Every structure is written in structure tokens, then in C-alpha cells.
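Residues per chain, in single letters:
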Amino acid sequence: MGARYKDKNWKDAMRVRIDVNNMFEEYIGEKHGIKPEEVDEMAEKIKKAHQNINKQHTEGKLGFIDLPDSQNEVVDEIESYAKENRQNVENFVILGIGGSALGSIALQTALNDAYHNLRDTDAPNIFVPDNVDPERFKSLLETLDLKKTVFNVISKSGTTAETMSLFLIAREYVEQEVGLDDLRNHFIATTSKDSGKLRVIAQREGFKMFYIPDNVGGRFSVLTPVGLVYAAFAGIDIRELLAGAAYMKKLCSTPKVWENPAYINGTLQYLAYQKGKKMSVMMPYSHSLKDLADWYRQLWAESLGKEKSRDDEVINVGPTPIKALGATDQHSQAQLYMEGPYDKVVNFIEVEEFDTDLQIPDLYEDIEGVSYLRSKTLADLLKTEKRATELALTERERLNATIIVPKVNEFTMGQLFYLFEMQTALVGELFNINAYNQPGVELGKKYTYGVFGRNGYEDMKEEYYNRPNKKGKYII
Ligand code: PA5
């Protein structure tokens, strides 16, 4: 029995495509639209960007490029570990934040039933607190049967304050419940192989460990054990997920901008930014892709929002990503997109086929204003609303593109992750920035370490306590 992702016809039918018609002058008008020649004129820059990406990859820096096709052993290990342990686990909790949580949340929303945790399935219930809110976390710890719960503590650095605090609290609760001897059966650590304190703790406690390759940054790590261990526990086919990423990797390997989906969309986003469209909206018309937009928001913001260029010049660049959801946000944000400033590009995601559909009953024929809905389906309504919004935006000369997803499944999710990662890598090159660091985030972390008295951060503590006093007259 062959897996469907080995069948070329099925794979091609599941290909994710990008429709960029509405980015161009022909549809949007010359005031805001992009000319195809402008894309052509980028050829030299794109060629250089492509070479830079390849160079960094060859130097072993961009590990995300290798993930789709280099993890056979890791996948074997994860699958057999999940298979062995899944049956005994009622709840699987991810303790991680940012890049160590958002990919798993996106996978969960996309690939598990919307009410997975309320359904009686083979897979455990999944929880990702993704924050240090005390009320929420306490409630979780008091709600779950900790004897039947496994926590996957995910931190590449092994020092992130939020993750390590949640771990320390969870560890205490679990120890009280199951005793010290059984503690190791309730924790997995996913971290760097060679550094960080989580590794030291996990070794001391005898926790099962999975490793995040050093050359894969947090927000590019969903296809490492960061996302894969959770996915295997949740019953997601991780081989198909990686096969989808490998399929997109092939499509994105050409330097020819008009043939490479990541490059064409990245280039158009870059050109739009240069024309003052500094906001980038991601708006899936499928609730299951809602958290993909959240994952993408972090990828785009943390990678591209930078103060300095690679040449150390102050440039303060970065498109602001906005997550939206169709049709929900038609009743919230769409007014602004239609009539507000011409500062946005809208990226729709359209799903061609839903796993299931619901027919609207044939009722109230005599009541105009309701009767037109009779015998249509919810999928029809969602798709029509997307296309209507797209047309309305286009008529108002608002740049928009559509990512077309044949169906939401492991294969297409793998494609989407890789597509957006490569698009981000390209735009980082076009801006001439380092898309793989996050110096701005680090500064906030360092102040927190200083205030909490962590060794080595004494100067940050001093700076924090010497910050300008706030004036009462401005606190109203
Ligand atoms: O993308 C990133 O690098 C960050 O968002 C990190 O994933 C986040 O800060 C968590 O870091 P860590 O995995 O080291 O705990």
C-alpha cells in the first residue's frame, strides 16, 4: 500500500498556487498597481538574493532548507516514540513560546478536528498555553489529570523565561501528583543538542529528548521535532507533511522569478512595500488556517522588522503583518481595507475543497432577504464571499493576491510552511537584512533577566531601575 504523497498525480492535484493577477496595473490601475516590467527589472537583485540564499545554505546556515528531505532517522524515532507512548497519554501539553509554539498551534488548528479535545479519538487532547498568564496556566494544571499528561518542554535556547517558568511550575505539580520516580514519564525536552540549561535539566531528570538543529531558527523550526513530536502524538502524518514541504522546495528552487511561487510573491510584496504598502494582511477563508496566519505573522515580523542593514546602515525596515480571517473579519477589518489608506497588500488564502460541507435548508421561501440562501452550502457562501471581497478590493485599486490551497491536509500544510519560509528568506535578502536574528526581542528579554536577578545581567538591571520616572499627570 503506497502513501498518497508518493503518487505524482495526487501530489500535482494538491499543488498550492499563487494567483497574483490583482497585484498588477492591468487590474488595479496605474496609480497603485505594479507593472510586470518592474518585476523583470528586479532580475539582477533576485539573482543575487538567490545566490546569497544558496551560499548561506552551503555554509550550513539555513538549515530550514534541508528539513523536508533530511530527517528520515528523526522521523523514525519520533513515530516509534509516539506510537509506543500515545495510548497512555490523555493530554499532551506543549510548553514553549514564539517559534517553539506557533507552528504546533497552526498544525493543530489546520489538521485536527476543530473540537478534537472534546472528541473521543485515539490521539491525546492537545494544549498549548503559549503564555505565562497565571490564571490560565493554573486552571490548566488543575483541570488536567496530571497522571495521564505529558508535557513537551520546547526551547531551543533552553533559557527562555516564559517556557522555563511554566516548566518549573508544571514539574512541581506533576511531582506532587505522581512522585519523583515517575516524573520522567511526564516530560519530554525538545532543545538544542549541545547547549542550554533545558538540556542539562533533561539529562539530570532522565527526560526523553528531541533535538532542534542549531542552524534552524525558532520561527523556521515547525518542521523539526518542535512541530513533529506534537504532530505525531496528535495523529498527524508527519511523512506527508515533510513530503509537502519537499514538493514546494522543488518548486521554489529555481531563480526564475515568474516560475518560483516564493520568489514571485516575495518580490511583489517587496515592490508593494517600496510603493508605500507597508502593511501585509494574511486572510485565509478557512477557519482551519486561522493560526497559520498567526504563525506567518511571527515569521514575517521577527524576520523582516530590522533596524540595520547587513552593511550596518540604519534602515528601520519591515512590513507590518496583520492576521485576518474570512469571513469573520469582513464584519470587522474589511471596511478599513476597502476605504482606509492605500497602505496594504491583502494575501487571501482560498481553499478549493472542504472536507465536509453543510447545505442550507430550503426554508422560508416567502421571506425575501433569507430565501436566497436556500439550498446553497456554507462552502459556497465562504468561497463566494472571498471572491466578492477580492473583486471589491480590486475595483477599489487595492493590491491583493490569492494563495490557492486545493484542500487543507498534511501535504498542503507542508507546502505552505516551506513557501512562506522561502518567501521570507528572499524578502530578507531584498531588504539586505539578516532575517534570522531578533536583536530587538533580545533586549526586552535581557531587561527581564536583569530585574529577576540573573547573573551576568546586572547592567541591564541598573538601566531598568534608572529608567525615566513616569509622570502622574500623564496617567489619566
Ligand atoms: O523565532 C524565534 O527565534 C523566537 O520566536 C523563539 O522561537 C522564541 O523566542 C522562543 O525561543 P526558545 O525556543 O529559545 O525558547
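Structure's up top.
Residues numbered from 1 in each chain as written. Predicted model: local features only at pLDDT ≥ 70, side-chain atom pairs only at ≥ 80, totals over all residues. Heavy atoms only, no water.

Asker: Outline the packing of helix α13 (residues 290-304) against helix α16 (residues 410-430), supporting the account with residue identities and numerical values.
Answerer: Close contact between α13 and α16 brings their axes to 10 Å; oriented N to C, the two are set at 20°. In terms of orientation, α13 and α16 fall into the roughly parallel class. Note that α13 runs across α16; the crossing there is right-handed. The segment α13 lies against α16, with L292, W295, Y296, L299, W300, S303 and L304 engaging M413, L416, F417, F420, E421, Q423, T424, V427 and G428. Looking at the contact of α13 with α16 residue by residue, the class counts come to 11 nonpolar, four polar and one charged. (Axes fitted to C-alpha atoms, helices over the stretch in contact; angles between N-to-C directions. Helix = DSSP H or I, 4+ residues; strand = E, 2+ residues; numbered from the N terminus. Parallel < 35°, antiparallel > 145°, perpendicular 65-115°, else oblique. Left-handed = near helix turned anticlockwise from the far one by under 90°. Contact = heavy atoms within 4.5 Å. Nonpolar A, V, L, I, M, F, W, Y, C, P; charged D, E, K, R; others polar.)

Asker: Pulling in residues and values, what's your account of the sheet that holds strand β2 (residues 91-95)?
Answerer: Across the sheet, which stays open at both edges, the five strands sit in the order β3-β2-β4-β5-β6 with parallel pairing between neighbours. The open sheet has two edge strands, β3 (125-127) and β6 (208-212), and neither has a second partner. The sheet shows a mean angle of 20° between the axes of neighbouring strands, direction not considered. In this structure, strand β5 (residues 187-192) lies alongside β6, joined through five bridges in parallel fashion. Counterpart to T191 in the pairing with β6 is Y211. (Pairing = 2+ DSSP bridges.)

Asker: Help me get a handle on unusual backbone geometry, residues and values and all.
Answerer: The step from G326 to A327 runs through a cis peptide bond, and the omega angle for that step is 0°. Summarising the element assignment, A327 is placed in the loop between β10 (320-323) and α14 (334-339). The residue D130 is not glycine, and still its phi comes out positive at about 55°. Looking at D130, the relative accessible area reads 21%, which means it is partly exposed. One non-glycine residue with positive phi stands out, namely Y364, at about 55°. (Buried < 20%, exposed > 50% of the residue type's maximum accessible area, 1.4 Å probe, protein only.)

Asker: Before we move on, can you summarise the packing of aromatic side chains with the specific residues and values?
Answerer: Enumeration according to the criterion identifies 21 aromatic pairs in this entry. Relative to F207, the ring of F187 lies with its centre 5.2 Å away and its plane at 25°, an arrangement referred to as stacked. Here F207 lies in the loop between α9 (197-205) and β6 and F187 lies in strand β5, a separation of 20 residues in the sequence. By the burial criterion, F187 is buried, and F207 matches it. For the ring pair Y464 and Y465, a centre distance of 5.0 Å and an interplane angle of 85° mean the geometry is edge-to-face. Of the aromatic side chains, those joined through ring pairs into one cluster are F64, F220, Y418 and Y436. Across from the ring centre of Y464, 4.1 Å away, lies the NZ or CZ of R467, which sits over that ring. (Phe/Tyr/Trp six-rings, centres within 6.5 Å; stacked < 30°, edge-to-face > 60°. Lys NZ or Arg CZ within 6 Å of the ring centre and 35° of its normal.)

Asker: Go over helix α17 (residues 439-451) with me, naming the residues and quoting the values.
Answerer: Here α17 spans 19 Å end to end across 13 residues, near enough to the 18 Å set by a 1.5 Å rise per residue. Of the residues one or two after α17, G453 is the one with positive phi, at around 80°. (Expected span 1.5 Å × (residues − 1).)

Asker: Which residues make up the side chain of R86, and what values go with them?
Answerer: Counting through the fold element by element, R86 comes out in helix α5 (residues 72-86). For the buried R86, no salt bridge is present, and the opposite-charge side chain at shortest range is D122, 4.6 Å distant. Reaching out from R86, the side chain makes a polar contact with the backbone oxygen of A232 at a distance of 3.4 Å. Apart from the residues lying within four places of it in its own chain, the contact partners of R86 are D122, A123, P124, A232, F233, A234 and G235. (Lys, Arg positive; Asp, Glu negative; His and termini not counted. Salt bridge = Lys/Arg side-chain N within 4 Å of Asp/Glu carboxyl O. Polar contact = N/O pair within 3.5 Å; in protein donor to acceptor, adjacent residues only side chain to side chain.)

Asker: Any details on the nonpolar core? Residues and values, ideally.
Answerer: Of all hydrophobic cores here, the largest spans 103 residues; its most connected members are W295, F420 and M422. Ranked by residue count, the leading element in this core is α16, at 12 residues. With residues near it in sequence (within four places) discarded, M422 still touches I53, F64, I65, C252, A262 and Y263. By size, the runner-up hydrophobic cluster in this structure holds 21 residues, among which are V93, L144, M164 and A189. (Core = buried A, V, L, I, M, F, W, Y, C linked by side-chain atoms within 4.5 Å.)

Asker: Any details on the site of the ligand? Residues and values, ideally.
Answerer: With respect to spatial proximity, 14 residues lie near the ligand, and among them S100, S155, S157, T160 and Q298 are the closest. Contact distances for the ligand include 2.7 Å between an oxygen atom and a side-chain N or O atom of S157. R219 is positioned with one of its backbone polar atoms (N or O) 2.9 Å from an oxygen atom of the ligand. When grouped by side-chain class, the residues that make up the shell around the ligand number one nonpolar, nine polar and four charged. (Near = heavy atom within 4 Å.)

Asker: Quick rundown of the sheet that holds strand β7 (residues 279-284)? Include the residues and the values.
Answerer: Ordered by their spatial adjacency, five strands build an open sheet running β1-β12-β11-β7-β10, and the pairing between neighbours is mixed. The open sheet has two edge strands with one neighbour each: β1 (17-19) and β10. Taken pair by pair, the neighbouring strands of this sheet meet at an average axis angle of 20°, ignoring direction. Where β7 lies against β10, four bridges are found, and the strand directions are parallel. Bridge pairing in β10 links M279 to T320.

Limitation: the analysis is restricted to geometry and does not speak to function.
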